[in-house]
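# Structure at a glance
Each chain, written out:
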Amino acid sequence: MAMTETRPVSVDLQENEENRAVIEAIEADNEDLTIRHVPGLVKLQAPGRLVIKRESVEERLGRTWETHEFQMAIVTLSGHITEWDEDQIVLSWGHPERD
Amino acid sequence: MIKSLGTYDFPSKSRQELYGDDILVHVWRKDSMFFCAAATFRAPKAMKWTDFVDGMVMPLMTSDPDFDRTKELSWQLVDDSFVPDPDKSLEENGIHHKNTIALIGA
Amino acid sequence: MTTNPTKPVKKLSMQQRYSALTRDIDWTPSYVTEDQLYPHTTYEGIKIHDWSKWDDPFRLTVDAYYRYQAEKDKRLYAVLDGFAQGQGHLTLSDPAYLNAMKIFLGGVTPLEYQANRHFSYLARHFNGPGPRFAAQCQSVDELRHAQTEIHTLSNYNKYYSGMHNFAKMHDRVWYLSVPKSYFDDALSAGPFEFLIAIGFSFEYLLTNLLFVPFMSGASFNGDLPTMTFGFSAQSDESRHMTLGLEAIKFLLEQDEANVPIVQEWVDKWFWRGYRVTAIIAMMLDYMLPRPVMSWKESFELYFEQQMLNGLFPDLAYYGIRPPKGVEQAIWEKEHLSHLVYHTFYQFSHAANLTTSIPTKEHQAWLASAYPDAFEQFYKPKWDKLEKMAAEGNRYFYPGLPQLCQVCQVPMLFTEHGDPTKLCQRHSEFKGEHFNFCSDHCKEIFDREPEKYVQAWLPVHQIYLGNCGGPTIPDVLAWYGYAEGDSGEMLGNVDHNNWKKWHAQVDDSVGGRESVEVGGAAEAGKGA
């Protein structure tokens, strides 16, 4: 995967109390994040890559959090899930753009 | 061609023979967007053009308050301009099942 | 027991659990051949060499699946219960809002059920355990969606018209043949085409346009239960999107010969799905009393930005280009919703919903959302229809429309690039004449005419006498309509009840004399 890939990837999450820790963790772990609020949901968009880290969520939530729980928060996404394990979920695009 | 597990041959659900002596005819106005879409009529093949226009087409067209009946009308049948013979039947005028007739002017 | 009780059992990693619980439950057939066991996966011409290459990024296992789905349902039903107990229906922005939910219940919910059935078929018929399990989960999801949607909307059905009988309406009502025939087209295709049709083209390319802006609209219009089921369903949708995306990548990576087949399906199913979303455009722009995001903006954000500029550069790597018809869809974003609502306005005497001229405030919003189209092309139409209504001539189209043979939408679309000319296309097949709304519907027909000649077009069937009888009242009775389901919104049963109920709410601080007590029976009804 090209390091220069900047096509935006995004996740849309339900904006509620349950998800606040997840949203804050994403904000902390991703530079250049664009946040957009529409009624009921929040859209988090990042250039090229977006990561959700279990430790960051747990720190804010004050309890253990399995990455599987992300399924409860997510409304939609843009990009490929290129990694999903116990510790983190990564979204990015799979192939570099051709010139 | 369709890819299928077996023989694939089914009749049209709108074929003319189902309508007996009648056909479906579509009519639309080419110069106006007042009507949201073209209309469908069921009419006897043997119906005279003039009866078709006066009895079926005009009641629809004049539901537009701006439709001007006094203006000269011209027609198009499918893709080609069309000068119908008012006393001949739809069939004799060359109108086939599910053909679309455009009304121009008015 | 020989294990040391003080030492905890080592947990499997997500990957190990997925392998053990999903992939390792497969077996090799011994007394039949693989072709006999999976007889439907070769005739479409798709070549699969290694089913184990199918990837599921969610690493979903059956225990985790049910645990999280149960939690989602628990949260949803808590909201439904609270809403019903608190007379939540009175807090909607306006009863007109529910017209959109009538379309949803009759048009979308039955498709969820059909999806449940067909993903269950895929869960039986794919050779590989990875896609079989993903299809199995999606099948169960779709059943959950159908059930939760019916439960959610049943609360409104107690108080408002147009929602009873939704399953019968789905099978019979003229405009509901659009979503129904779309899904029937997919169900009657092979398993791989279905996967591209529904898994990829609908779930990945277009589903966001249905659920995300619309459910946000529900939130903005006081419909908490719909927002909750929408987002709850949509949380499954991200898994379905992933399945769709994995599906297309898998097919493209397995064999180069699959690429042109997949491209044809992408072309066809983008356009089929896009034509169905025309109704969503209308819902977003005209049916939310408090609009949130225009169709144009939603299309730009969820389709042009995320799909065309995000996904398709990836697919170009495999030799897949954006679907035919995309340019027309981009052009149409300015016009689509206006044309569709205009059609429903003229035919709402035959729909299970009511319409009215958009209010001045709503028209001002439309003008700001569509600065290049609304005032020029559509406001004059509403002005004319409004003038007619004021003169006592609320307009209803006195006839039946022409339908496109493929998408089954009334022929309301214009030429690509010219909003002032309706579009007409046609083909001949075995001596019979067929009509289409666009170049792309014509192309779809010309590719498989044997399939589309079988279309059950409501207008043609009405004229054959197959829909209850020869007159409009006969047909509406056959649809199962009741008083208040159709026509003009102002003065309709729901509208009158709403005024009455809200007057009762106000009555708590006095003023009973002013309360209108007119019942449903004397409510005016269009046509």
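Right, let's walk through the structure included here. (Residues numbered from 1 in each chain as written. Chains lettered and ligands numbered in written order. Predicted model: local features only at pLDDT ≥ 70, side-chain atom pairs only at ≥ 80, totals over all residues. Heavy atoms only, no water.)

In spatial order, the strands read E4(B)-E3(B)-E5(B)-E1(B)-E2(B)-E2(C); together these six strands make up an open sheet with mixed pairing. Strands with a single pairing partner mark the edges of an open sheet, and in this sheet they are strand E4 (80-82) of chain B together with strand E2 (400-401) of chain C. When strand E1 (residues 22-29) of chain B meets strand E5 (residues 99-104) of chain B, the two strands line up parallel, connected through five bridges. Looking at E5 of chain B, one finds that Trp28 of chain B is bridged to Ala102 of chain B. (Pairing = 2+ DSSP bridges. Helix = DSSP H or I, 4+ residues; strand = E, 2+ residues; numbered from the N terminus.)

With that out of the way, let us pick up the interface of chain C and chain A. Reports of interface size often rely on the accessible area that becomes lost once the parts have come together. Taken together, the contact between chain C and chain A spans 45 residues of the former and 34 residues of the latter. For the chain C and chain A pair, buried surface summed over both sides reaches about 3,500 Å², with 56% attributable to carbon and sulfur atoms. Sorting the residues of chain C by area buried against chain A places Met14, Tyr68 and Asp314 of chain C first, and these three jointly supply 18% of that buried surface. At the boundary of chain C with chain A, the tally comes to four salt bridges. Across the pair Arg75 of chain C and Glu18 of chain A runs a salt bridge, and its minimum N-O distance is 3.3 Å. (Contact = heavy atoms within 4.5 Å. Buried area = accessible area lost by both parts, 1.4 Å probe. Salt bridge = Lys/Arg side-chain N within 4 Å of Asp/Glu carboxyl O.)

Applying the stated criterion to the full structure yields 51 aromatic pairs over all chains. Ring plane angle 15° and centroid distance 4.7 Å describe the contact between Tyr286 of chain C and Tyr341 of chain C, whose orientation is recorded as stacked. Separated by 55 residues along the polypeptide, Tyr286 of chain C in helix H11 (residues 278-287) and Tyr341 of chain C in helix H14 (residues 336-347) bring together distant segments of the chain. As far as burial versus exposure is concerned, Tyr286 of chain C and Tyr341 of chain C are alike and both buried. Grouping aromatic residues by their ring pairs yields a cluster made of Phe34 and Phe35 of chain B together with Trp174, Tyr175, Phe344, Phe347, Tyr395 and Tyr397 of chain C. Positioned above the aromatic ring of Tyr345 of chain C is the side chain of Arg394 of chain C, whose terminal nitrogen or guanidinium carbon lies 3.6 Å from the ring centre. (Phe/Tyr/Trp six-rings, centres within 6.5 Å; stacked < 30°, edge-to-face > 60°. Buried < 20%, exposed > 50% of the residue type's maximum accessible area, 1.4 Å probe, protein only. Lys NZ or Arg CZ within 6 Å of the ring centre and 35° of its normal.)

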